[in-house]
Amino acid sequence: MVKRYEKDFKIVLSDAGCIFVRYGKGSHEIWYSPVVDAHFVVSRTILSRHTANAILRQAGLPKAF
């Protein structure tokens with residue numbers, strides 16, 4: 001069984017002040033980070049902690065997984 005990170009991941013983003021902007025193409029979402037003042041892409045299914053941490057790094061946040 002594979003652990004899925006998207007629920008906990010989105011809680012971390014919201015707690016850090018990141019805002020969901022819109023749905024993107026396919027299974028992706030567009031979020032905004034006030035920390036780096038930029039938009040970034042989040043997959044709706046995150047199966048790897050490495051992917052989760054890489055997206056957090058793009059948002060200017062520290063590792064959480």
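Preceding block: the structure.
Here the structure is a predicted model, which is why all the values come from computation and not from measurement.

Conventions adopted
- Residues numbered from 1 in each chain as written.
- Predicted model: local features only at pLDDT ≥ 70, side-chain atom pairs only at ≥ 80, totals over all residues.
- Heavy atoms only, no water.
- Phe/Tyr/Trp six-rings, centres within 6.5 Å; stacked < 30°, edge-to-face > 60°.
- Helix = DSSP H or I, 4+ residues; strand = E, 2+ residues; numbered from the N terminus.
- Buried < 20%, exposed > 50% of the residue type's maximum accessible area, 1.4 Å probe, protein only.

Bringing the packing of aromatic side chains into the picture now. All chains considered together, the criterion is met by four aromatic pairs. Note on F20 and Y23: the rings are 5.0 Å apart at their centroids and 65° apart in plane angle, and the pair reads as edge-to-face. Here the aromatic rings of F20 and W31 are separated by 5.9 Å at their centres, their planes lie at 75°, and the arrangement is edge-to-face. You can see F20 sitting in strand 1 (residues 19-23) and its partner W31 sitting in strand 2 (residues 28-33), a full 11 residues away along the chain.

Moving on to the environment of D15. Relative to the assigned elements, D15 resides in helix 1 (residues 6-15). Taking relative accessible area as the criterion, D15 reaches 65% and is therefore assigned exposed. Once the C-alpha coordinates of D15 and S33 are considered, the two residues, 18 residues apart in sequence, prove to be 11 Å apart.

Structural measurements only, silent on function.
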